[in-house]
Amino acid sequence: MRAAPLTDHALVAHVFVPLTGAHHPHGHAYLAQVWRRCRELLAIVEPTPLGLPTDLPSDVDSLPPQDGPVAAARRGGGGVLEMFAYRRHDMLCLSVVLAPGQATSWPALEADWARARGGEHPAVLGEAQLRLARYRRSRWGSASATAQAYASLRAEPDGPDQLGSVRGASGRRLPPGVAVTPGGFVVWEASGLPDDRRLRRLVVVAPKGAEEQLSEWVWSSGRAEPATLTRYLMYAAMARYELRVWSAGQRRSLPHQVDARLARLLPLLDEVAEEDQPDPAQWDRYARRLGRLVADEAGLLDAVAELSGLRRTVQIAATNMATLVPSPADGHRDGPFADDHALTTWFDQQLDDDLTYLQATLARTTSVGVLLDRSVRRWEAARRERYTLAQTALVGAVLMVLTAIQALRYQVPLPTRVQPAVVIGLGAVAFYLPLAVIRLASVRRGGTTLVEHLALAALVATVLWAGLAWLANVVPTGWAWAAALVPGAFLTTWLALTTRRAYRRRRAEPGRRSATA
């Protein structure tokens with residue numbers, strides 16, 4: 001077949017950036033720069049009949065909060081050179097059409113767009129470049145429109161030599177060939193075919209006489225809203241962006257990591273069942289394992305929520321894509337649209353599998369954590385009960401002695417000066433003893449608290465006070481010494497305990513940092 005050359009070469013470019021997330025200010029700033037370069041380099045500065053501003057707001061907060069057009073501009077003279085910005089579904093989209101209406105080539109148009117576009121930007125969610133052209137049907141009428149259009153494309157100086165079958169990033173075998181729309185437009189995927197590609201290059205060839213239908217499908221029908229193919233490409237870019245997020249994330253390996261820790265923890269449950277009361281070293285080990293389980297459970301909950309949201313986004317994108325450009329019939333599974341629909345179907349199934357594994361691991365982690373926590377609480381209650389009984393026995397013995405002294409009217413041979421110190425000392429013992437018992441009975445035994453420091457310092461001070469009062473007969477100014485030394489002993493004891501606690505904390509920090517690393 002002798003192919004007629006393609007005519008009316010044009011280029012349509014779409015850039016999609018998110019308006020939510022950590023990078024959304026950078027994406028808007030990038031589109032604002034592209035808009036300014038289009039004004040300066042391509043002279044697209046005049047207003048359009050849409051009545052929209054010709055400048056894109058430089059501040060992301062100045063954008064309208066609802067979906068709709070934001071700005072539009074065009075260049076006067078022959079041909080069509082326009083750009084259009086609009087907000088849709090928390091995304092900002094910039095569309096540019098370069099159709100000079102004169103003899104030109106796709107490489108020349110792409111060079112003009114490359115100067116205005118600048119380099120790639122990490123905040124871009126996706127980009128699509130559409131090569132547009134028209135072909136003249138063969139006068140013989142024996143070949144299909146697809147064959148005629150493809151033959152004309154092969155005749156281009158920069159046309160493809162062949163469309164081979166390749167494999168995408170997911171390992172799926174991607175179909176070669178073309179897609180034919182209900183309107184008779186023939187579409188090829190001219191870019192590379194990794195599944196997670198950010199930039200897509202499509203070729204759309206339409207027959208002569210379908211200019212208005214082609215413009216309405218790929219660009220605009222004169223209304224302030226994106227065209228059908230533009231919206232389709234936006235949702236496809238959204239799905240492929242989520243694929244990049246899913247591929248780069250560590251969530252898929254989380255169930256394996258947690259399962260490995262659970263496997264090491266299961267023997268501990270057997271150990272727990274055999275022991276009535278572990279030693280202090282085992283207490284710390286059980287507490288660390290239980291804390292690790294709580295952290296794993298929180299991580300799994302976060303991963304399930306994140307993956308559920310990601311899957312819902314992919315499902316929404318797939319539904320909208322199928323509404324805008326229905327999936328081809330079973331006999332026509334070739335071309336970019338069939339590939340997009342197959343990708344979203346495959347991706348949705350992968351996300352469903354990941355969620356199933358995550359939820360199963362979460363259930364196991366929760367169950368093991370409940371069992372271990374129940375045993376630790378039982379041990380902690382038994383431990384606290386023993387210390388409480390010891391405390392009660394000690395306090396009861398002191399009370400019994402004091403009651404017996406009072407009942408028998410026994411005079412304790414204490415000098416008058418020593419008695420106040422002994423009375424206050426007994427109060428200090430009653431104040432310090434419960435605090436010490438609480439710390440000793442706790443599973444996670446740590447350093448002494450500030451209140452315990454104060455209680456112990458008061459006890460030491462009263463002992464010194466009693467000693468000074470006992471020596472009052474030897475030291476004539478015993479009360480003066482007591483007034484000076486007792487507060488000093490109190491402060492000295494408190495500072496010594498506080499310094500010891502800080503020293504222990506500093507010694508533990510290198511180990512904590514290395515464990516964290």
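Values in this document were obtained by computation on a predicted structure and should not be read as measured data.

### Quick notes on the overall build of the protein
Counting secondary structure elements, the protein contains eleven helices and ten strands. Counting across all 517 residues of the protein, residues that qualify as buried make up 38%. Across the protein, every contact between residues at least 6 apart in sequence was considered, and the portion connecting residues at least 24 apart equals 70%. As displayed, the protein has an accessible area near 27,500 Å², and 58% of this comes from carbon and sulfur atoms.

### A few points about the packing of helix H1 (residues 24-42) against helix H2 (residues 106-117)
Contact pair H1 / H2: the axes reach a minimum separation of 7 Å and the direction vectors enclose 130 degrees. It follows that H1 is oblique to H2 by the angle criterion. Within the contact between the two elements, H1 uses Tyr30, Val34, Arg37, Cys38, Leu41 and Leu42 and H2 uses Asp112, Trp113, Arg115, Ala116 and Arg117. Tallied by class, residues from the contact of H1 with H2 come to seven nonpolar, no polar and four charged.

### Examining the pattern of salt bridges
In this structure the tally under the stated criterion is 17 salt bridges. Residue Arg311 pairs with Asp352 through a salt bridge whose shortest N-O separation is 3.2 Å. Of this pair, Arg311 sits in helix H7 (residues 280-324) while Asp352 sits in helix H8 (residues 336-408), and the two are 41 residues apart along the sequence. Judged by its relative accessible area of 25%, Asp352 is partly exposed. Sharing partners across several salt bridges, the network here consists of Glu189, Arg197, Arg200, Arg240, Asp339 and Asp340.

### Side note on the packing of aromatic side chains
One pass over the full model with this rule turns up seven aromatic pairs. Ring geometry for Phe185 and Trp217: centres 5.6 Å apart, planes at 40 degrees, overall tilted. In this pair, Phe185 is assigned in the loop between strand S8 (179-180) and strand S9 (186-189) and Trp217 in helix H4 (residues 211-218), connecting sequence segments 32 residues apart. Taken as a pair, Phe185 and Trp217 share a single burial class, namely buried. When the centroid spacing of 6.1 Å and the interplanar angle of 85 degrees are considered together, the rings of Trp246 and Trp346 count as edge-to-face. Here Trp346 lies in helix H8 and Trp246 lies in helix H5 (residues 228-248), a separation of 100 residues in the sequence.

Calculation notes
The written sequence of each chain sets the order in which its residues are numbered from 1. Whole-chain, interface and lining totals are the exception, using all residues; otherwise, since this is a predicted model, local features are given only for residues with pLDDT of at least 70 and side-chain atom pairs are given and counted only at 80 or more. The side-chain values count all of the structure's non-hydrogen atoms but skip hydrogen atoms and water molecules. A helix here means a DSSP run of H or I that spans at least four residues, while a strand means a run of E at least two residues long, and both kinds are numbered starting from the N terminus. Relative accessible area decides the class of each residue, using a 1.4 Å probe on protein chains only: under 20% of the type maximum gives buried, over 50% gives exposed, and in between gives partly exposed. Contacts between residues were defined by any pair of non-hydrogen atoms, one from each residue, lying within 4.5 Å. What sets the accessible areas is the Shrake-Rupley method with a 1.4 Å probe; for residues, cover comes only from the shown protein chains. Only the stretch in contact is used when a helix axis is fitted, and all axes are lines through C-alpha atoms; the angle between N-to-C directions ranges over 0 to 180 degrees. Each angle receives one of four descriptions, namely roughly parallel if under 35 degrees, roughly antiparallel if over 145, roughly perpendicular if within 65 to 115, and oblique otherwise. Ten residues, namely Ala, Val, Leu, Ile, Met, Phe, Trp, Tyr, Cys and Pro, are considered nonpolar, four, namely Asp, Glu, Lys and Arg, are considered charged, and the remaining ones, Gly among them, are considered polar. The term salt bridge refers to a side-chain nitrogen of Lys or Arg lying within 4 Å of a carboxyl oxygen of Asp or Glu. Two aromatic rings from Phe, Tyr or Trp, using only the six-membered ring of Trp, form a pair when their centres are within 6.5 Å; if the ring planes differ by under 30 degrees the pair is stacked, by over 60 it is edge-to-face, and anything between is tilted.

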